[in-house]
Amino acid sequence: MNQTKYKLIEEYLSNLELTIASESRTTKLLLPKALGKGWTYSIDLGGKMKILNRCICPNEDLYVRYDNHLPCNAPIGAFTLQGAYRSDLLSSKSNLRHEESTTFWGDKPEEYCASYFPAGIYTNMVHLFVKKDIFSYSPEQDELSEKGLMAYFTGGKKGIVSPSQKTSFSTTRLIHGLLNMTLDSHESWLRLESTLLSVLANSAEEYGATVLQKPSTTLSPQDISALDCARDILIAQMVTPPSIQELARQIGINEFKLKRGFKLYFGETVYGYLRDYRLSTAATLIAKKHMNITEAALHVGYSNPSAFTAAFKKKFGVSPAIYRKNK
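Residues numbered from 1 in each chain as written. Predicted model: local features only at pLDDT ≥ 70, side-chain atom pairs only at ≥ 80, totals over all residues. Heavy atoms only, no water.

Engineer: Explain the overall build of the chain here, please?
Structural biologist: On a plain count of helices and strands, the chain comes out with 11 helices and 11 strands. Per-residue burial over the chain gives 46% buried out of 327 residues. Considering only residue pairs separated by 6 or more positions, the chain has 66% of its internal contacts joining residues 24 or more positions apart. Accessible surface, the chain as shown: approximately 16,600 Å² in total, 53% of it carbon and sulfur. (Helix = DSSP H or I, 4+ residues; strand = E, 2+ residues; numbered from the N terminus. Buried < 20%, exposed > 50% of the residue type's maximum accessible area, 1.4 Å probe, protein only. Contact = heavy atoms within 4.5 Å. Areas by Shrake-Rupley, 256 points an atom, 1.4 Å probe, with all protein chains shown as cover.)

Engineer: Can you walk me through the packing of aromatic side chains in this structure?
Structural biologist: By convention here, two paired aromatic rings are described through the distance between centres and the angle between planes. Enumeration according to the criterion identifies 12 aromatic pairs in this entry. When the ring of Phe262 is compared with that of Phe266, the centres are 4.5 Å apart and the planes differ by 40°; the resulting orientation is tilted. You can see Phe262 and its partner Phe266 sitting in helix 7 (residues 255-266), 4 residues apart, about one turn around the helix. On the accessibility criterion, Phe262 (0% relative accessible area) is buried. Each ring, one from Phe316 and one from Tyr323, has its centre 5.3 Å from the other, and the planes form 45°; the classification is tilted. The burial state of Phe316 is the same as that of Tyr323; both residues are buried. Following the ring pairs from residue to residue traces out a cluster consisting of Phe169, Phe262, Tyr265, Phe266 and Tyr273. We note Arg278 situated over the ring of Tyr302; from NZ or CZ to the ring centre the distance is 5.8 Å. The ring of Phe316 has Lys315 lying over it, and the distance from NZ or CZ to the ring centre is 5.2 Å. (Phe/Tyr/Trp six-rings, centres within 6.5 Å; stacked < 30°, edge-to-face > 60°. Lys NZ or Arg CZ within 6 Å of the ring centre and 35° of its normal.)

Engineer: I keep staring at the packing of helix 6 (residues 244-251) against helix 7 and nothing clicks. Help me out?
Structural biologist: Helices that pack against each other are described as a pair by the angle of their axes relative to one another and the distance between those axes. Closest axis-to-axis distance for the helix 6/helix 7 pair is 9 Å, and the angle between their directions is 95°. When the axes of helix 6 and helix 7 are compared, the pair comes out roughly perpendicular. From helix 6, Ile244, Gln245, Leu247, Ala248 and Ile251 reach across to helix 7, where they touch Glu255, Leu258 and Lys259. Counted by class, the contact of helix 6 with helix 7 contains 5 nonpolar, 1 polar and 2 charged residues. (Axes fitted to C-alpha atoms, helices over the stretch in contact; angles between N-to-C directions. Parallel < 35°, antiparallel > 145°, perpendicular 65-115°, else oblique. Nonpolar A, V, L, I, M, F, W, Y, C, P; charged D, E, K, R; others polar.)

Engineer: How should the state of the cysteines be read in this particular structure?
Structural biologist: In a disulfide, the sulfur atoms of two cysteines are held together by a covalent bond. Counting across every chain of the model gives 0 disulfides. Cys55 takes part in no disulfide bond, and the closest cysteine sulfur to it belongs to Cys57, at a distance of 8.3 Å. Using a relative accessible area of 2% as the deciding quantity, one classes Cys55 as buried. (Disulfide = S-S within 2.5 Å.)

Engineer: Explanation requested: the pattern of salt bridges in the structure shown.
Structural biologist: A pair can form between side chains of opposite charge whenever their charged atoms are brought close. Under the counting rule described, the total for this entry stands at 11 salt bridges. Salt bridges sharing common partners tie together Glu23, Arg25, Asp44 and Lys50. (Salt bridge = Lys/Arg side-chain N within 4 Å of Asp/Glu carboxyl O.)

Here it is in structure tokens:
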């Protein structure tokens, strides 16, 4: 990477305000055009929480090393909504692979880090920074330390970074909802805070359910491999998806195990997963203006515009036209 690119990256990173502000505010910072397309959008919520929504598509493979200036004493939730990237924790010589629909929770950030983003692919990730006094009105939880919050959000897991967790569609839906809120009134900020607390509660419940699930409900490595294959088939054939019977035959397990295992592993039914994947894909195409609304609907398998609009509004809270306008 040439020196000009390095300078652009350094300037971009230096302009990102990562501390949690004492006031509620929003900030948007566009990625320099010489690096690619995208932006970082941050929302501060009164000194208690910060949302960092980053969506970038680099012109070439981007590997960025940086000193970690993330807020201290604030557990960090990393939710990947689209694409994939890698975080290298240079101090401990380890890395995290952020795949679509996965979540990590981190405790205290390392001093030196790096991130790798592949060229030509939009990667959309959301980071939540959480201060312990978000629970100041809850008698049962007002004594939680920052490390106590980490344990709370991860079902008792210890360490600087929790294991990767599949993000449920209910949590993903909440995150999409809060990112599409128009923050122009006291009521909208209240709804934002309420939605954020729901995301935190969901995350804690989902990690806890994974940690505490009984042996009889666990999935074998063979089951997980088959279910991953089922998901890949659904995505590849989303316009004309196979039936449950055909899908089970293709991955080599019976229909009951497919339906039960899919819900356990992905947190959604087979066709519920497909529906949400279709709509998320269409939303990306619409937001980036790669296609118009009708083209995007057809691309993901909706031949009926009215059905597409109804399903889209149910998932994202707004019509496709308003969603496109807001982006």
